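# Structural overview for review
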Amino acid sequence: MAARNSIIRSISFILIMLLLCPFASGRIIYVDDDAAGVNVGSSWDDAINSLQDALLLAYFYEKPVEIRVAGGIYTPDKGIGIAVGDREASFQLIDGVTIKGGYAGLSHRSPEDLRDIALYETILSGDLEKDDGPESTGTDDNSHHVVTSFRTDQTAVLDGVTIS
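Model, not experiment: these values are computed from the prediction. (Residues numbered from 1 in each chain as written. Predicted model: local features only at pLDDT ≥ 70, side-chain atom pairs only at ≥ 80, totals over all residues. Heavy atoms only, no water.)

### Here's the deal with the overall build of the protein
Selection criterion: A run of DSSP states H or I qualifies as a helix once it reaches four residues; a run of E qualifies as a strand once it reaches two. Both are numbered from the N-terminal end. Each residue's exposure class comes from its accessible area (1.4 Å probe, protein chains only) as a fraction of the maximum for that residue type: buried when under 20%, exposed when over 50%, partly exposed otherwise. Between two residues, a contact is recorded if the distance between any of their heavy atoms is within 4.5 Å. Accessible surface is estimated by sampling points in the Shrake-Rupley manner with a 1.4 Å probe; for residues, cover comes only from the protein chains shown.
Of the regular secondary structure elements, the protein holds two helices and nine strands. Seen in sequence order, the protein has helices and strands lined up from the N terminus as α-β-α-β-β-β-β-β-β-β-β. Scored against the burial criterion, the 164 residues of the protein give a buried share of 39%. Within the protein, residue pairs in contact and separated by at least 24 positions form 64% of the contacts whose partners lie at least 6 positions apart. Summing over all exposed atoms, the protein offers an accessible surface of approximately 9,100 Å²; the carbon and sulfur share of this is 56%.

Written out as structure tokens, the structure is:
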């Protein structure tokens, strides 16, 4: 039953996003793993919880698109159509899409979209099980590649994030 609900939720999300695409030129998509709103990426309150889902949305939007990511740890195995623990999953950069980390997100709202990459560190992590230890122990289940950039140009931008 849980799998069926997840599939229905995923299909609903994709349909809503596809309907909104024609209105999304020069769009900003908000990502915060703590957001509890409707998760459509239109504001910090309704931010998408997964960077993978934001990238999926950005893929369909007219470019340029900016993805603002709140501080936190994001793994590439979280998102629509991706199996949790999938070591082949990675964050694929997209032409015309800028990913900017270091935002306060829901923890501190301001009209300026408070950004401090040291204070609100955004980490793209390959540690899928969150079990890495000292001297590289616990890494057998990590993602093979955290970020990939296949056939992208200089308009695919990654700024203000830590990759681990």
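Moving on, there is more to tell.
### Observations regarding unusual backbone geometry
The general pattern is negative phi for most residues beyond glycine and trans for most peptide bonds. With omega at 10°, the peptide bond leading from lysine 63 into proline 64 counts as cis. Along the chain, the position of proline 64 falls in the loop between α2 (51–60) and β2 (65–70). Even without glycine at this site, asparagine 39 takes up a positive phi of about 55°. With respect to the element layout, asparagine 39 can be found in the loop between β1 (28–31) and α2. On the basis of relative accessible area, asparagine 39 is assigned to the partly exposed category, the value being 22%. Positioned with a positive phi, arginine 151 is a non-glycine residue whose angle comes to about 55°. As for its placement among the helices and strands, arginine 151 is situated in the loop between β7 (147–148) and β8 (157–159).

### A few points about the pattern of salt bridges
Two side chains carrying opposite charge are able to pair once their charged atoms lie near each other. Worth spelling out the cut-off: Basic side-chain nitrogens of Lys or Arg form a salt bridge, by our definition, when they fall within 4 Å of a carboxyl oxygen of Asp or Glu.
Counted by the stated rule, this structure contains three salt bridges. Across the pair glutamate 66 and arginine 68 runs a salt bridge whose closest N-O atoms are separated by 2.5 Å. Residue classification places glutamate 66 among the buried positions, given a relative accessible area of 18%. Relative accessible area serves as the criterion here: at 14%, arginine 68 is assigned to the buried category.

### Re the side chain of arginine 68
Note the cut-off: N or O atoms within 3.5 Å of each other form a polar contact, as long as, within protein, one can give a hydrogen and the other can take it, and as long as residues adjacent in sequence are counted only when both atoms are side-chain atoms.
The topology assignment puts arginine 68 in strand β2. In terms of polar contacts, arginine 68 uses its side chain to reach the side chain of glutamate 66, at 2.5 Å.

### Notes on the pairing of strand β5 (residues 97–103)
Quick note on the threshold: Strands pair, by our definition, only if DSSP identifies at least two bridges between them.
Of all the seven residues making up β5, six are buried; the element is thus mostly covered by neighbouring parts of the structure. Here β5 pairs with β8 via three bridges, running parallel. Along β8, the bridge assignment pairs threonine 98 with valine 157.

### Some remarks on the sheet that holds β1
How we decide: Only C-alpha atoms enter the line fits that serve as axes; for helices the fit covers just the stretch in contact. Angles between N-to-C directions range over 0 to 180 degrees.
Sheet architecture is open: four strands sit in the order β1-β2-β5-β8, paired in parallel fashion. Of all strands in the sheet, those with a lone pairing partner are β1 and β8, marking the two edges. Pairs of neighbouring strands in the sheet enclose a mean axial angle of 15°, with direction left out of account. Contacting β1, β2 and β5, α2 crosses the sheet at an angle of about 170° to β2.

### What to know about the pairing of β2
Going by this rule: A crossover gets the label right-handed when its path from the first strand over the helix to the second runs clockwise, viewed with the strands pointing away from the viewer.
Across the six residues of β2, six count as buried, placing the element largely inside the fold. Burial along β2 is two-sided: Val65, Ile67 and Val69 and Glu66, Arg68 and Ala70, pointing in opposite directions, are all buried. Sheet topology note: the β1/β2 ladder contains four bridges and is parallel. Bridging from a neighbouring strand, tyrosine 30 pairs with arginine 68 of β2. This β-α-β element, β1 to α2 to β2, shows right-handed connectivity. By the bridge criterion, five bridges tie β2 to β5 in an arrangement that is parallel. Bridged to isoleucine 67 within β5 is isoleucine 99.

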